[in-house]
Amino acid sequence: MTDGWDWRQPGVGGAPAGQPAAGHPPAGVPATPQDGGHPASPWWSDALADPWRDPHAPTAVVLPAAPVAGSEPEPVTDPDAAGRPRLQQLLLIPLVTALLAGALGGALGYAFAIRGGAGGAVLGAVPNAAPTLAQRPPESLAGVAERVLPSVVTVRVAGLGGTSEGSGFIASADGHVITNDHVVAGGTGKASVMFNDGSSAAATVVGQDAESDIAVIKVSRTGLRPVEFGDSDALAVGDPVLAIGSPLSLANTVTAGIVSALDRTMHAGEPGGPTRYYAAIQTDAAVNHGNSGGPLVDAAGRVIGVNSTIKSLVAEGQEAGNIGLAFAIPINQAKRITQDIIGTGKARRTVIGAQVGGPGSGTNGAGVRLATVEPSGPAAGAGLRAGDVILKLNGRPMTEPTDLIALVRKYAPGSVVTVEYRRGSSRQNASVTLAADAK
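Rules of the game
- Residues numbered from 1 in each chain as written.
- Predicted model: local features only at pLDDT ≥ 70, side-chain atom pairs only at ≥ 80, totals over all residues.
- Heavy atoms only, no water.
- Helix = DSSP H or I, 4+ residues; strand = E, 2+ residues; numbered from the N terminus.
- Buried < 20%, exposed > 50% of the residue type's maximum accessible area, 1.4 Å probe, protein only.
- Contact = heavy atoms within 4.5 Å.
- Salt bridge = Lys/Arg side-chain N within 4 Å of Asp/Glu carboxyl O.
- 1 Å grid on protein atoms, 1.4 Å probe; cavity = no way out; pocket = protein on both sides within 12 Å on 5 of 7 lines; lining within 4 Å.
- Points joined across faces, edges and corners; volume = space filled by probe spheres on them.
- Pairing = 2+ DSSP bridges.
- Axes fitted to C-alpha atoms, helices over the stretch in contact; angles between N-to-C directions.
- Core = buried A, V, L, I, M, F, W, Y, C linked by side-chain atoms within 4.5 Å.
- pLDDT = per-residue confidence, 0-100.
- Patch = residues over 30% accessible without salt bridge, like charges linked within 9 Å, V, L, I, M, F, W, Y side chains within 5 Å.
- Areas by Shrake-Rupley, 256 points an atom, 1.4 Å probe, with all protein chains shown as cover.

Chemist: So what exactly am I meant to see when it comes to the overall build of the protein chain here?
Modeler: Across its full length, the protein chain carries six helices and 21 strands. Relative to its 439 residues, the protein chain shows a buried fraction of 33%. For the protein chain, the share of sequence-separated contacts (at least 6 apart) that also reach a separation of at least 24 residues comes to 55%.

The structure is reproduced here in structure tokens:
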């Protein structure tokens, strides 16, 4: 039996019996142009031409859905498909590129800087954290210098012999400046001051005291920063100090050292000029010409002396330089004299009411002999007589006549000092109240 189709192949290239030839529709199905002559029937299938098809297998017919007139199918977006880049993405790309290029350039620059170029040697080790001293705390020498420098000035005074130059420091906010008498001596009374920041101002000489080598000038400027004063009587040998000034016209120079000695009596002066007496602070901080009048400050930044003179090994007439022997006027004495000059225009001189010197005044280093004693003076009031030998004053040994003069000038009028003296073969002590002798 057969199902009406003959699946046998009658000949080569022929269609099975009862099957239409290839390219022609079955009987009763019209051909359409779009099919190239094939019918537009859903029954049409190439499977019908498959010679290996099982004729007993069921046939599935799939009918396409008819399109709805006037509507478009809803577009479906593939989430994995590459879309159009947003503005943020467009801006992000060059930013990331620039950062990467900068990082790469910095790394290459650092590598070349460290290595000094291709094949260069690497200099130094990896730096460690800065030590405490390199951090410059306020109490360090660098911190002290930074705090004091704005109060230090360079002083220039015009005179007949040219311009004298030295240093000074601001003592009051209204413009009083302390310097040395020998800086302004011989001048016309007019001066100029250059400040730490390079600015300058005119100044006038308020007053000066030749014997103590202290002078006061007044700057035509207000709102200045004065120094902080220390206590020169509280110093000890070995204390660290800074000397600040303008040595050899080099402004804002800072040198460091220690207190080398105290009460080093100075007897100085130029030929034909006044003789200067003071019990100086000796220091090994480098001091040269031009430092005169500048401050000597302690480790807390307080002024404890006024740099005044140096010792040198040069021959007479040659330019002296620092050899580690510099001397400063104690600030307690300089401050007292400054207050006198500002208040009265002149300084009081402290006296003991006795004279030393002359024949027999020396005792081979074992004290100084009093030549005369004023009847109503402080020495006479304490019971001292002419011929007595002063051995010590407040525990300070006397070896030269100038020692007594300089050490007495250190104290303020009205101060009570202890005097150890020898009369004949006996030693005695006396309390002497020093007095003022206004010049």
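Chemist: Please explain the pattern of salt bridges as it appears in this structure.
Modeler: Any two side chains of opposite charge can pair, given that their charged atoms come close. Taken as a whole and assessed by the stated rule, the structure comprises 12 salt bridges. The salt bridge involving Asp-340 is made with Arg-348; its shortest N-O contact spans 3.4 Å. Judged by its relative accessible area of 12%, Asp-340 falls in the buried class. Among the residues examined, Arg-348 registers a relative accessible area of 38% and is labelled partly exposed. Salt-bridge contacts for Asp-437 lead to Arg-349; the nearest nitrogen and oxygen are separated by 2.9 Å. One end of the pair, Asp-437, is in strand 21 (residues 435-438); the other, Arg-349, is in strand 14 (residues 348-351), and 88 residues separate them in sequence. Beyond isolated ion pairs, a larger network of salt bridges with shared partners links Glu-211, Arg-349, Arg-409 and Asp-437.

Chemist: What exactly am I supposed to notice about empty space enclosed by the protein here?
Modeler: Rolling a probe over the atoms, with the probe sized like a water molecule, indicates the empty space that remains. Applying the stated criterion to the full structure yields one cavity of 30 Å³ or more. Taken as a whole, the largest cavity encloses approximately 80 Å³ of empty space. Around the largest cavity, the lining comprises 12 residues; the ones closest to its centre are Asp-209, Ser-212, Arg-348, Arg-349 and Arg-409. Contributing elements (two or more residues each) for the lining of the largest cavity: helix 4 (331-344) and strand 14.

Chemist: How should I be thinking about helix 6 (residues 401-410) in this particular structure?
Modeler: One turn of an α-helix holds 3.6 residues; hence residues three or four places apart share an orientation. Most of helix 6 sits out of view: eight of its 10 residues are buried. Listed in full, the buried residues belonging to helix 6 are Thr-402, Asp-403, Leu-404, Ala-406, Leu-407, Val-408, Arg-409 and Lys-410.

Chemist: Where do I start with the sheet that holds strand 1 (residues 152-159) in this structure?
Modeler: Hydrogen bonds between backbone atoms are what pair the strands of a sheet, whose relative direction is either parallel or antiparallel. Read around the closed barrel, the six strands follow the order 1-2-3-6-5-4; overall the barrel is antiparallel. Strand-to-strand twist across the sheet, computed as the mean angle between neighbouring axes with direction ignored, equals 40°. Sheet contacts for helix 4: strand 2 (162-170), strand 3 (176-179), strand 5 (200-209) and strand 6 (214-219); angle to strand 6, the most-contacted strand, approximately 55°.

Chemist: Explain the nonpolar core to me, please; I cannot follow it from the model alone.
Modeler: As a rule of thumb, nonpolar side chains are buried together in soluble globular proteins. Core analysis: the largest hydrophobic core is formed by 25 residues, its most contacted members being Phe-169, Val-297 and Val-306. At the level of secondary structure, the elements contributing two or more residues to this core comprise helix 2 (141-148), strand 6, strand 8 (240-245), strand 10 (276-283), strand 12 (302-310), strand 13 (326-330) and helix 4. The element best represented in this core is helix 4, accounting for four residues. Formed by 22 residues, the second largest nonpolar core is a distinct cluster that contains Ala-279, Ala-354, Val-356 and Val-432.

Chemist: Just to check I follow, could you spell out the environment of Gly-166 for this structure?
Modeler: Along the polypeptide, Gly-166 turns up in strand 2. Expressed as a C-alpha distance, the spacing of Gly-166 and Ser-249, which sit 83 residues apart in the sequence, is 8.1 Å. If we skip the residues at most four places from it in the chain, Gly-166 touches Val-153, Thr-154, Val-155, Val-183, Gly-290 and Ser-292.

Chemist: Looking at this structure, I do not really get unusual backbone geometry. What am I missing?
Modeler: For residues that are not glycine, phi is negative in most cases, and the peptide bond is trans in most cases. Even without being glycine, Asp-213 reaches a positive phi, approximately 65°. By the secondary structure assignment, Asp-213 is in the loop between strand 5 and strand 6. Of the residues examined, Asp-213 reaches a relative accessible area of 1% and is grouped as buried.

Chemist: I would appreciate a short explanation of the side chain of Arg-409 in the present structure.
Modeler: Examined against the element boundaries, Arg-409 turns out to sit in helix 6. Excluding residues within four positions of it along the chain, Arg-409 makes contact with Glu-211, Tyr-277, Gln-333, Arg-336, Arg-349 and Thr-350.

Chemist: I would appreciate a short explanation of helix 2 in the present structure.
Modeler: Of all the residues in helix 2, the buried ones are Gly-143, Val-144, Ala-145 and Val-148. On its buried face, helix 2 is in contact with strand 1, strand 8, strand 9 (253-268) and strand 11 (295-298).

Chemist: I keep staring at the pairing of strand 2 and nothing clicks. Help me out?
Modeler: Moving residue by residue along a regular strand, the side chains alternate between the two faces of the sheet. Inspection of the sheet shows strand 1 paired to strand 2 by eight bridges, in the antiparallel sense. Residue Gly-159 lies in a different strand from strand 2, and its bridge partner there is Gly-162. In this structure, the hairpin formed by strand 1 and strand 2 is closed by a connection of two residues. Relative to strand 3, strand 2 runs antiparallel, the two being bridged by two bridges. Pairing of Ile-170 across the sheet is with Val-177, part of strand 3. Here strand 2 hands over to strand 3 after five residues, with Gly-175 in that stretch at a positive phi of 110°.

Chemist: Quick question: what am I supposed to make of the confidence of the model for the protein chain here?
Modeler: Parts of the prediction with low pLDDT should not have their coordinates interpreted in detail. Looking at the protein chain, the pLDDT average stands at 80 and 70% of residues meet or exceed 70. Here residues 1-24 is a poorly scored stretch, pLDDT under 50, and it has 25 contacts once near neighbours within four places are set aside; other chains count. In the model, residues 31-38 has pLDDT below 50 throughout and makes 13 contacts with residues more than four positions away in sequence or in other chains.

Chemist: Could you clarify how one ought to interpret a nonpolar patch on the surface in this entry?
Modeler: Taken together, the side chains of Leu-92, Leu-95, Val-96, Leu-99 and Leu-100 define a hydrophobic patch exposed on the protein surface, amounting to about 490 Å² of accessible area. Turning to its location among the elements, Leu-95 is positioned in helix 1 (residues 87-115).

Chemist: What should I look at first to understand the environment of Ile-337 in this one?
Modeler: With respect to the secondary-structure elements, Ile-337 resides in helix 4. Remark: the alpha-carbon pair of Ile-337 and Arg-349, spanning 12 residues in sequence, is separated by 8.8 Å.

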